[in-house]
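These are the residues of each chain, in order.
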Amino acid sequence: MSTVLDEVLAANASYSRSFGNKANLSMPPGRRFAILTCMDARLDPAKFAGLAEGDAHVIRNAGGRASDDAIRSLVISYKLLGTQEWFVIHHTNCGMEFFTDEVMRGLLANSLETAALDASGFRDIGKGPGSTEGDYIDWLTIKDPTKSVTADVL
Ligand SMILES: [Zn+2]
């Protein structure tokens, strides 16, 4: 039994009961824009961008990076659903600034368990075996937030 699952199901049931006329919103976003931003749990795009249901597409990933899949979603947003503007929104104190590809690859090579974060950075506390499959992934980490957001817009 999952407490988190129960909480999410209860929240969803409450939300769906209060959805009302929003069920009639059209699929294309009414304000015709999309936001690509970070998955950071401290960020709420609806609040920081003043969104309501039906307003905009919000694409989220680690760092708000213009990865292949984010671009796939943005192209669908534009080509099929008519968005006219895209915003790439990164943020200060992003977790993607706290590691490099090499660190991530090393952590995964050691174990597949969740790493710990302390003042010196991420460190592996799990038991092996790990995997070297992470060697084939560009983790799109952030060294300089200004440069990363500029690169993602271009
Ligand atoms: Zn972030």
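Residues numbered from 1 in each chain as written. Predicted model: local features only at pLDDT ≥ 70, side-chain atom pairs only at ≥ 80, totals over all residues.

**Some points on the domain arrangement of the protein chain**
When cut into domains, the protein chain gives domain 1 (26-97 + 140-154) and domain 2 (100-138). Of note, the centres of domain 1 and domain 2, computed from C-alpha atoms alone, are 27 Å apart. (Domains from an automatic or database assignment.)

**Overview of the sheet that holds strand β2 (residues 56-61)**
Taken together, the three strands give an open sheet; going across it, the order is β2-β1-β3, and neighbouring strands pair in parallel fashion. The open sheet is flanked by β2 and β3 (85-89), the only strands paired with a single partner. In this sheet, neighbouring strand axes are inclined to one another by 15° on average, regardless of whether the strands run parallel or antiparallel. Inspection of the sheet shows strand β1 (residues 33-38) paired to β3 by five bridges, in the parallel sense. Opposite T37, over in β3, you have I89 as the bridge partner. (Pairing = 2+ DSSP bridges. Helix = DSSP H or I, 4+ residues; strand = E, 2+ residues; numbered from the N terminus. Axes fitted to C-alpha atoms, helices over the stretch in contact; angles between N-to-C directions.)

**Topic: unusual backbone geometry**
Of the consecutive residues G128 and P129, the connecting peptide bond is found in the cis state with omega at 5°. Within the element layout of this structure, P129 appears in the loop between β5 (121-123) and α5 (145-153). Positive phi is not limited to glycine here, since R32 has a value of about 55°. Secondary-structure assignment places R32 in the loop between α1 (3-17) and β1.

**Topic: the environment of N24**
Tracing the sequence through the fold places N24 in the loop between α1 and β1. Its 8 C-beta neighbours within 10 Å are what place N24 among the exposed residues. Considered as a pair, N24 and G54 are 30 residues apart in the sequence and their alpha carbons are 9.7 Å apart. (Buried ≥ 20, exposed ≤ 12 C-beta atoms within 10 Å, placed from the backbone.)

**Focus: the nonpolar core**
Core analysis: the biggest nonpolar cluster contains nine residues, these being A34, I35, L36, A56, I59, A66, A70, V88 and V149. If you list the elements that add at least two residues to this core, you get β1 and β2. A66 has contacts with L36, I71, V88 and D152, leaving out every residue within four places of it along the chain. (Core = buried A, V, L, I, M, F, W, Y, C linked by C-beta atoms within 7 Å. Contact = placed C-beta atoms within 7 Å.)

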